[in-house]
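# Understanding the architecture of this molecule
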Amino acid sequence: MPPFTRSSSTLQSSVEGDGIGVDAEWSSMTVVQLKAQLKERGLPVSGVKSVLIERLDSTTTTTTTSKYFAKQPSSPADVATKTKGKTAVKTPTKRKSPTKSKSPGKSPGKSPGRSPRRVRIEPGTLKPPANWEKIYSLVEELRADRSAPVDTDGGEALPEKHLGEVVYRFQVLTALMLSSQTKDAVVGETMRILQGHGLTVENIHQTDPETLNGLIRKVGFHNNKTKYMKQSAEMILTQYNGDIPPNADELMKLPGVGPKMAFIVENIAFDTASGIGVDTHMHRMFNDLKWVTSKTPEQTREQLEGWLPRDKWASINYIWVGFGQEVQQQKEKMLKKCVASSSPREALGLVKKLGLDVQKEAKRFGLEDDVKSVM
């Protein structure tokens, strides 16, 4: 007879012969309950009782069972006994997320909704905007007098050339570092204070941070700029033999120097233009003119380089920054220059497109008749 296939009567008589008694309801007990019944008896573990316990133990690891020894579902009483003194934890059922249907036309393997990586615009690959040359020439004409704030207090005008090329280049870098978020007039004043202190890389390196911070306290974010100037002086002395880095890529390794600053310093200090320096004002103006469609100055730079001839890269920042300053800060002078230009109507239309309220400002400065005569 195979294991665990004896009848209930044979099993019951075996148990009676072992002195256990006939009160156990074998057919309704689980394996655990049967083992408990047998072990609760005070008789020695021998004979049929020993065999039964051994067989009951083996049922927990074998798949061969009978209707008497098959594991039955636990009753509520069993569950209460097993979990007594313990906190029952209900394991949450993990839900499967619904399968998303693939959108037609989507490439397999790409996450839905993720924007494709932007492809860099290479210089000379974009079509120039219509009539850009005429507008550019007109701005060059309006800037011919070099009377904007950048012409007297910008990075090209402020450095001391008579102290030699190395000092000159370091002062160009310093002027551009100070210019961020600061008006040119304040930059000019601060540069002259530094020049009185001694604006060389060696002297800035030796100057303690508190003293340097006091010297440049009028510029925006002077605490950060103090730190950048000190760190840059250290790098220039230890890594570049006391001279500023020779190109834009190397300049951008200095703390606080981004693409705009690096390209402008490279242009002024080394007469090289490997890129266009674009500030927030240029970014706004070129979007107003529809020359670019961009969200950041860096995107504006890339789009400009995509179509603007390279012979304009070196001068575009200087010309257009000064032009923007005059449109915003020197409205009376700009209106007079527009009226006196070779194309007064086009000039007035240009400054109007860039945010100058021609009629309002003409009335304010008594230039209504002059403006009307050319419109």
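What you see is a predicted model, and the numbers here were worked out from it, not measured in a lab. (Residues numbered from 1 in each chain as written. Predicted model: local features only at pLDDT ≥ 70, side-chain atom pairs only at ≥ 80, totals over all residues. Heavy atoms only, no water.)

Within the protein chain, the regular secondary structure consists of 20 helices and zero strands. Residue burial in the protein chain is summarised as follows: out of 375 residues, 41% are buried. Within the protein chain, contacts between residues at least 6 apart in sequence are counted, and of these 62% link residues at least 24 apart. With an accessible surface of roughly 22100 Å², the protein chain has 52% of that area assigned to carbon and sulfur atoms. (Helix = DSSP H or I, 4+ residues; strand = E, 2+ residues; numbered from the N terminus. Buried < 20%, exposed > 50% of the residue type's maximum accessible area, 1.4 Å probe, protein only. Contact = heavy atoms within 4.5 Å. Areas by Shrake-Rupley, 256 points an atom, 1.4 Å probe, with all protein chains shown as cover.)

Of all hydrophobic cores here, the largest spans 38 residues; its most connected members are Phe286, Ile316, Trp320 and Phe323. If you list the elements that add at least two residues to this core, you get helix 5 (132-142), helix 14 (280-288), helix 15 (297-307), helix 16 (316-329), helix 17 (331-340), helix 18 (344-353) and helix 19 (358-364). Broken down by element, the residue count for this core peaks at six residues, all from helix 16. If near-sequence neighbours (up to four positions away) are discounted, Phe286 is found in contact with Trp291, Val292, Thr300, Leu304, Ile316 and Trp320. Ranked by size, the runner-up nonpolar core spans 35 residues in total, among them Ala175, Met191, Met229 and Met261. (Core = buried A, V, L, I, M, F, W, Y, C linked by side-chain atoms within 4.5 Å.)

Considering all chains together, one arrives at 17 salt bridges under this definition. Residue Arg120 is joined to Glu302 by a salt bridge in which the shortest nitrogen-to-oxygen separation is 3.3 Å. Of this pair, Arg120 sits in the loop between helix 4 (76-82) and helix 5 while Glu302 sits in helix 15; the two residues are 182 residues apart in sequence, bridging distant segments of the chain. Given the relative accessible area of 42%, Arg120 is considered partly exposed. The partner of Asp145 in a salt bridge is Lys337, and the shortest N-O contact between them spans 3.1 Å. Remark: Lys337 occurs in helix 17 and Asp145 occurs in the loop between helix 5 and helix 6 (149-153); sequence separation between them is 192 residues. In the salt-bridge network here, residues are joined through shared partners; they are Asp145, Glu326, Lys333 and Lys337. (Salt bridge = Lys/Arg side-chain N within 4 Å of Asp/Glu carboxyl O.)

When the pLDDT values of the protein chain are averaged, the result is 82; 69% of them are 70 or greater. Below a pLDDT of 50 lies the segment residues 85-89, which in the model reaches zero contacts outside its immediate sequence neighbourhood of four places, other chains included. Across residues 101-109 the pLDDT falls below 50, and counting only partners more than four positions away or on other chains, this stretch makes one contact in the model. (pLDDT = per-residue confidence, 0-100.)

The subject of this paragraph is helix 16. In this model, helix 16 (14 residues) spans 20 Å end to end at C-alpha, consistent with the 20 Å of a helix rising 1.5 Å per residue. Burial within helix 16 is extensive, with 11 of its 14 residues counted as buried. Regarding helix 16, the residues found buried are Ile316, Asn317, Ile319, Trp320, Val321, Gly322, Phe323, Gly324, Gln325, Glu326 and Val327. (Expected span 1.5 Å × (residues − 1).)

Assignment of secondary structure puts Asn317 in helix 16. According to the relative accessible area criterion, Asn317 is buried, its value standing at 14%. At 2.7 Å, the side chain of Asn317 forms a polar contact with the backbone oxygen of Gly277. Those residues in contact with Asn317 that lie beyond four places of it in its chain are Ile264, Gly277, Val278 and Met282. (Polar contact = N/O pair within 3.5 Å; in protein donor to acceptor, adjacent residues only side chain to side chain.)

Moving on, we come to the packing of helix 17 against helix 18. Interaxial distance between helix 17 and helix 18 falls to 7 Å at its minimum, and their mutual angle equals 150°. One finds that helix 17 runs roughly antiparallel with respect to helix 18. On helix 18, the residues that touch Met334, Leu335, Cys338 and Val339 of helix 17 are Pro344, Ala347, Leu348 and Val351. Here the contact of helix 17 with helix 18 is built from residues that sort into eight nonpolar, no polar and no charged. (Axes fitted to C-alpha atoms, helices over the stretch in contact; angles between N-to-C directions. Parallel < 35°, antiparallel > 145°, perpendicular 65-115°, else oblique. Nonpolar A, V, L, I, M, F, W, Y, C, P; charged D, E, K, R; others polar.)

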